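# Secondary and tertiary structure notes
Chain residues, written in single-letter form:
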Amino acid sequence: MTLPAAAGATDNSALLRRDGMLAQLGFFGLALPAVLLVTIAIVVPLAAMLWISIARPDGTVSLDTYLKIMSTPVYTRSVLTTFQVSGMTVLTCALLGTPFALVMASVGRRLASILLLVVMLPFWTALLVRTYALSVLLQRNGLVNRFLTDTGLVSEPLPLINNFFGTIVGMTHVMLPLFILPVYAAIKQIDQNIIRAAASLGASKLLTLRAVILPLAANGIFAGAVLVFVLSLGFYVTPAILGGGRVPMISTRIEQNVSVLSDWPAASALGVLLLLSVGMVFFVTFLLRRSIKALGGSPNV
Amino acid sequence: MTSAAFIEIRNLSKAYGSFRALNDVDLDVGRGEFLSILGPSGSGKTTLLMALAGFVRPDRGQISVDGRDLVRLPANKRGIGVVFQNYALFPHMNVAANVMFPLRVRGIGRAEASERARKALDIVDLASMAERDIATLSGGQKQRVALARAVVFEPRLMLMDEPLSALDKNLREQMQYEIRKLHDRLGLTTVYVTHDQREALTMSDRIAVMRDGVIRQLGTPASLYHRPTSRFVAEFLGEANILELDAVDSFVAPEPDVGGPGRKLMIRAERLSLSDASGHDNVSLDGVLTRSVFQGDSWLISVALANGGAVSARIAAAEAANFSLEALTEGAALKLHVRRDAVIAVTDA
Amino acid sequence: MIRNNVRNSLSACALLAAWGIAGQAAQAAEVTVAVGGGVIQEVGRETLWGPAAKTLGDTVREETINDAYASVKLQAAANAVTFDLVQTNAFQAEKGGREGLFMPLDYSVIDSKDFIEGTAQKYCISALIFSWVMAWNTDAYKDKAPQTWADFWDVEKFPGRRAMRNDAEAQLEIALLADGVPMDKVYEVLQSEGGMQRALDKIEQLRPHIAVWWNSGAQHAQLMKDKEVDMSVGWNARFEAAKKDGAKIDYTFNQGIMSMDCWAVPVGAPHAAEAMKMINEMSKPEAQAKFSVGVKYGAANKRAYETGLIPDDVSKKLPTYPENAAHQLAQRNEWWVDHVGEAQLGFQEMMSR
Ligand SMILES: Nc1ncnc2c1ncn2[C@@H]1O[C@H](COP(=O)(O)OP(=O)(O)OP(=O)(O)O)[C@@H](O)[C@H]1O
Ligand SMILES: [Mg+2]
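Nothing here was measured: the structure is a model prediction, and the numbers come from that model.

The next point concerns the overall build of chain A. What chain A contains, in helices and strands, is twelve helices and zero strands. For 301 residues, the compact-globule estimate of 2.2 N^0.38 gives 19 Å, and the C-alpha radius of gyration of chain A, at 26 Å, exceeds that figure by more than 25%. Dimensions of chain A along its principal axes, counting C-alpha atoms only, are 100 × 75 × 40 Å. Evaluated residue by residue, chain A yields a buried proportion of 40% over its 301 residues. Look at the contacts in chain A between residues 6 or more apart in sequence, and 70% of them connect residues 24 or more apart. Roughly 16700 Å² of accessible area belongs to chain A as shown, and the carbon and sulfur atoms make up 74% of that amount. Taking the average location of the 19 positive side-chain charges in chain A and that of its 9 negative ones, the two points are 12 Å from each other.

Counting its secondary structure elements, chain C contains 16 helices and nine strands. For the C-alpha atoms alone, the extent of chain C along its principal axes is close to 95 × 45 × 35 Å. Per-residue burial over chain C gives 54% buried out of 353 residues. Summarising the internal contacts of chain C: among those between residues at least 6 apart in sequence, 70% fall at separations of at least 24. Between the mean site of the 36 positive side-chain charges and the mean site of the 46 negative ones, chain C shows a separation of 3 Å.

This part covers the interface of chain B and chain A. Across the contact, 25 residues belong to chain B and 23 residues belong to chain A. Of the roughly 2100 Å² buried between chain B and chain A, counting both surfaces, carbon and sulfur atoms make up 63%. For the chain B face of the interface with chain A, the top three residues by lost area are B:N76, B:H92 and B:F101, together amounting to 29%. For the pair chain B and chain A, the number of links is zero salt bridges. On the surface where chain B and chain A come into contact, there are five residue pairs in polar contact (both at pLDDT 80 or more).

The next thing to look at is the interface of chain C and chain A. Listed per partner, the contact involves 31 residues of chain C and 25 residues of chain A. Interface area, chain C with chain A, both sides summed: about 2400 Å², of which 47% is carbon and sulfur. When the area that chain C buries against chain A is broken down by residue, the three leading residues are C:E228, C:L345 and C:S352, summing to 21%. Taken together, the links from chain C to chain A amount to two salt bridges. Between A:R77 and C:E349 there is a salt bridge; the shortest N-O distance is 3.1 Å. For the pair chain C and chain A, the number of links is 13 residue pairs in polar contact (both at pLDDT 80 or more).

Throughout the structure, instances matching the rule amount to 45 salt bridges over all chains. Note that B:R10 is salt-bridged to B:D28, the shortest N-O span being 3.0 Å. In this pair, B:R10 sits in strand β1 (residues 7-16) while B:D28 sits in strand β2 (residues 19-29), placing the two residues 18 residues apart along the sequence. Residue class for B:R10 comes out partly exposed when judged on its relative accessible area of 27%. Judged by relative accessible area, B:D28 falls into the buried class, the value being 11%. Put simply, C:K202 and C:D179 hold a salt bridge, and the shortest N to O gap is 3.5 Å. Within this pair, whereas C:K202 is found in helix α9 (residues 195-206), its partner C:D179 is found in the loop between α7 (171-178) and α8 (186-191), the two being separated by 23 residues in sequence.

Residues and elements named next belong to chain A. Once the domains are mapped, chain A shows domain 1 (1-62) and domain 2 (71-294). Look at where the C-alpha atoms of domain 1 and domain 2 centre, and you get two points 38 Å apart. Sorting the residues of domain 1 by area buried against domain 2 places M49, I52 and S53 first, and these three jointly supply 78% of that buried surface. Along the contact surface separating domain 1 from domain 2 lie zero salt bridges. Applying the counting rule to domain 1 against domain 2 returns zero residue pairs in polar contact (both at pLDDT 80 or more). Here the residues of the side of domain 1 that touches domain 2 sort into four nonpolar, one polar and no charged.

The geometry of an aromatic ring pair comes down to the distance between the two centres and the angle between the two planes. Residue and element names in this part refer to chain C. As enumerated under the stated definition, the model contains 20 aromatic pairs over all chains in all. A centroid spacing of 5.0 Å and a plane angle of 85 degrees characterise the contact between W335 and W336, whose relative ring orientation is edge-to-face. Connected via pairs of aromatic rings, a cluster forms that spans F130, W132, W214, W235 and Y297. We note R162 situated over the ring of F152; from NZ or CZ to the ring centre the distance is 5.7 Å.

Basis of the calculations
Residues numbered from 1 in each chain as written. Chains lettered and ligands numbered in written order. Predicted model: local features only at pLDDT ≥ 70, side-chain atom pairs only at ≥ 80, totals over all residues. Heavy atoms only, no water. Helix = DSSP H or I, 4+ residues; strand = E, 2+ residues; numbered from the N terminus. Rg over C-alpha atoms; globule rule 2.2 N^0.38 Å. Buried < 20%, exposed > 50% of the residue type's maximum accessible area, 1.4 Å probe, protein only. Contact = heavy atoms within 4.5 Å. Areas by Shrake-Rupley, 256 points an atom, 1.4 Å probe, with all protein chains shown as cover. Lys, Arg positive; Asp, Glu negative; His and termini not counted. Charge placed at Lys NZ, Arg CZ, Asp CG, Glu CD. Buried area = accessible area lost by both parts, 1.4 Å probe. Salt bridge = Lys/Arg side-chain N within 4 Å of Asp/Glu carboxyl O. Polar contact = N/O pair within 3.5 Å; in protein donor to acceptor, adjacent residues only side chain to side chain. Domains from an automatic or database assignment. Nonpolar A, V, L, I, M, F, W, Y, C, P; charged D, E, K, R; others polar. Phe/Tyr/Trp six-rings, centres within 6.5 Å; stacked < 30°, edge-to-face > 60°. Lys NZ or Arg CZ within 6 Å of the ring centre and 35° of its normal.

Spelled out as structure tokens, the structure:
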């Protein structure tokens, strides 16, 4: 083949850009049905929820329902309770899950997989069954209280259930695996030589943990915390059963509005607020991450 | 070495299950010495080095450094500088924070730590990069940071595990030079693991060649290269021709037991020559050229010997120029010459 | 041309077929009955709408639904009501009726003269009756069992942990009974100025002793079984089942609150007239007696107990057995529908304070 003398100098970029766009279009074409389906399945119900929360029977639109909710202590308090329960769940998950993940990452492969199994075990039992099993453990005549009174550690059974404490125990039980898995993955990803390097440079185990391992696992801890927090915000079953009616979450109020009060606008408005809370958590997370990055992210020793 | 050695390793053994990664290793390293541990993959180099650093607990044996028994001392109390193969820098700290880390761990104030870190970075020519993020550095720069971090707290002993294996050839050669310079300048004692024989030959005062958890031979680069005691060491450090004892007619064994079973002769390829230089006690080998390859600075020729066996010979370009092209074509009969003292008796393993 | 002919004759066939179906519908309707599933659906098919359809020459299509009110509301909103007959709780029937979801029942077709007072209402008529009763641990109160709601409130004479429902329904009535309001004045007091607050205050008094605000039937029976609480408000059938299971508990119908699930007909039901006739069949003493035996809930038709179809040992444990019904209050949903928002919010407020 002979090329014209100037062929090497032609500009191909326009043609290449067009090829690229066509290839992309083809890809979008293939993905379109799935994208549409997902969009419809997610967006339409959300839009309906939003509409129900602001529509008056006469077809006009107002924020009355929201104002009513904001000014009713039952609702504002349940928002507070929801954040308390979620925050506390994150805290206990972090306090229990981080050491567990550390141990899991530092023991041999066989023991690690046994521990992983232990963590995952609750996933294989139905939520309701697990929750009732916990109440068998924690109730007035439950195993824990029987042990405590029999051994004389306490004279009266402790109130371990049907309150905030029981709710947190139950929530932690449900959420712990979701926290441990990302943290474990993050710790496992840390190069063993980095940990050895810290020791060779003179750092004790504790200092290595604080200055090297935890900062490097921070992504996983953060991911786990956000995941647990967001999932906790919308949790219903566990607080309903283990809270004994004393831990009214937003989800509890939604359920009451649907089934007891048949007040769909209020239920929808609460749903919208819950969604906004989740959005807010993600937004704050995003801001936090960015500012940490902007500060250089060098938490020194 | 005498008992005045800086590092003394005695009967060191380490097994993983039934697999013996280190088998009764003895090794002395002198103060200020640059010692390389050379060996094929899996020979136990890292295991030996990590035993020194405190990350591998030996099953048996002793390690002492500067007269101090180390075996039960935890790694963070040993005060040994370690440089790892993949740098092992702290990715969440910048360059300065990495280098300051060992100082801050030792309770040195921020101002002094910062000053000393700057000096250490100066030594490795990175003073201008103190505030850079680790992720933005090139491989060579990361290696320098790792070096600066390992020397900043002024350890007497430096351990390096294949520190240059991730770098390209040019950078590697430059860093070899710089590491050796650093060693000399700071008066360090260095144990350096590599499986690159050229690197070991270039940098070391002495080399320990390992195989299967055992040190096969220990010596200066020249002595290991020229006087290997085993076929393994000979072949590991350069181009070696291995021949039966009777392949060389007039060869006289220099040692009494050289004729024993399992003994072979070794001749380095570049010691074989086409011309019979006078004035030396030479041995000659008759043969037929079976293959010749031009390699720029030299020719590599293969010769089938009349007495059986075959050798490869590296003929320097300057010598090859004395011969016609026909003399170097396949099928040509020729005579190879070698100095008698370049014919070495080795064990066949 | 041939093709045209074919098309003509095809459409003629279709017309004929459509006419045929329409004609059939005029004679025997397919009535759609929407119920909540479970044992009620099984027994109901055998004793209520099954036989009723047979008598009337209709057929029945069953739908299983979770929440009658929500389902009907959705159908109505979409202008596509397909249910003819739904089983719902009385509160939602009253609320839905006022919102135009359910039509007034035709009592010229339905014979309700033998129904317990208050169980045949404007928009719905009783399908089954259960009671809110008091249960106690027989070990905890060996010497003297509590008998009234006043006893439930009396933590001096009957020390121990209580459980109530985390929902105002029936709890307000109970509180007023405990406060000494006579049975026939309960709704009057609730309706009066400050009546609801009186009930809420009464419950708040007991609040420190309420260990659990339960939220499901399964839960409150379990609480008693596990001795997590010593005394509980709850449903008679659940307590009876726990007692049969060997739990050390007993309960009383005295001052119980009778609640009902009932039949309602959605506005726009395709076969509303047939549905009314079917309700009438299902309300007859024999049908009510058979269903009652099958599901262990009370029948609203008093004459069901005269049919001889309910064995003695069963009838005495039913809330509407004349002896039991005499000491109970039938719940009125008119008040509840008017005040549910403030009552429930006030209750939740009191609970979580
Ligand atoms: N933790 C361990 N468990 C089991 N076997 C191990 C362990 N560490 C090392 N080994 C084995 O011990 C032998 C020596 O390992 P070592 O890492 O010392 O080799 P090396 O000489 O450094 O090799 P390379 O050049 O590949 O780095 C290898 O066969 C290796 O598989
Ligand atoms: Mg190695």
